[in-house]
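The residues making up each chain are set out below.
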Amino acid sequence: MVLALTVCGIVVALVVVGLFLFGLRRRLIQRSGGTFDCSLRWDVPEKADTGGKGWSYGVARYNGDSVEWYRVFSYAYRPRRVLERDRIEVAGRRLPEGEEELALLSDAVILTCVHRGTRLELAMSEDALTGFLAWLEAAPPGQRVNVA
């Protein structure tokens, strides 16, 4: 009986520590500001799949001339993807269709982009999209920016 209670106590403590570390990591990522919730689908085929597969929920952060994207369900402090402003080409935008509506946040808008030859999709709120497009267009003089 004592062994079972000890094991249960250890499991509960590990779960609490794990949740605390998730929260601490997100707080550290967001402390410098300029963050927004953003789902990402990397290496998307020409004909978009609306089945809802391939989306990863994350947090994006502006960092100078790049956007750093972090997975929410990860302990890594380094960004999973870094998108440089002068390498992003916006191909279009659309609303979620089919099962994507269940896989993404309720107010999401999907932005189709090409970054260094790789097609990707970013799903974010309308407000975050407005800020992202303004950030793209606010590139310093001399940098090329392709916004559709």
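It should be noted that the structure appears before, not after, this text.
Residues numbered from 1 in each chain as written. Predicted model: local features only at pLDDT ≥ 70, side-chain atom pairs only at ≥ 80, totals over all residues. Heavy atoms only, no water.

J.: Tell me about the side chain of Arg85, and name the residues and values.
T.: Inspection of the secondary structure assignment puts Arg85 in the loop between β5 (81-84) and β6 (88-94). On the basis of relative accessible area, Arg85 is assigned to the buried category, the value being 6%. A distance of 2.5 Å separates a polar side-chain atom of Arg85 from the backbone oxygen of Trp135. (Helix = DSSP H or I, 4+ residues; strand = E, 2+ residues; numbered from the N terminus. Buried < 20%, exposed > 50% of the residue type's maximum accessible area, 1.4 Å probe, protein only. Polar contact = N/O pair within 3.5 Å; in protein donor to acceptor, adjacent residues only side chain to side chain.)

J.: Describe the sheet that holds strand β3 (residues 58-63), and please don't skip the residues or the numbers.
T.: Strand pairing within a sheet occurs via backbone hydrogen bonds; the two strands may be parallel or antiparallel. In space, the four strands of this open sheet follow the order β1-β3-β4-β5, with antiparallel pairing throughout. Two strands in the sheet have a free side with no partner beyond their single neighbour: β1 (35-37) and β5. Across the sheet, the axes of successive neighbouring strands diverge by a mean angle of 25°, strand direction being ignored. Both strand β4 (residues 66-71) and β5 contribute to a ladder of four bridges, which runs antiparallel. When the bridges of β5 are listed, Glu68 appears paired with Val82. (Pairing = 2+ DSSP bridges. Axes fitted to C-alpha atoms, helices over the stretch in contact; angles between N-to-C directions.)

J.: An account of the pattern of salt bridges is needed here, citing residue identities and associated values.
T.: Going through the model one piece at a time under the given rule, you end up with eight salt bridges. Note that Arg85 and Asp65 form a salt bridge whose closest N and O atoms lie 2.4 Å from each other. Here Arg85, found in the loop between β5 and β6, pairs with Asp65, found in the loop between β3 and β4; they are 20 residues apart in sequence, far enough to count as distant. Take Asp65: its relative accessible area is 37%, and that puts it in the partly exposed class. A salt bridge links Glu121 to Arg94, with the nearest nitrogen and oxygen atoms 3.1 Å apart. Placement of Glu121 in strand β8 (residues 118-125) and of Arg94 in strand β6 is noted, with a sequence separation of 27 residues between them. Three or more residues joined by partner-sharing salt bridges are found here, namely Arg41, Arg94, Glu100 and Glu121. (Salt bridge = Lys/Arg side-chain N within 4 Å of Asp/Glu carboxyl O.)

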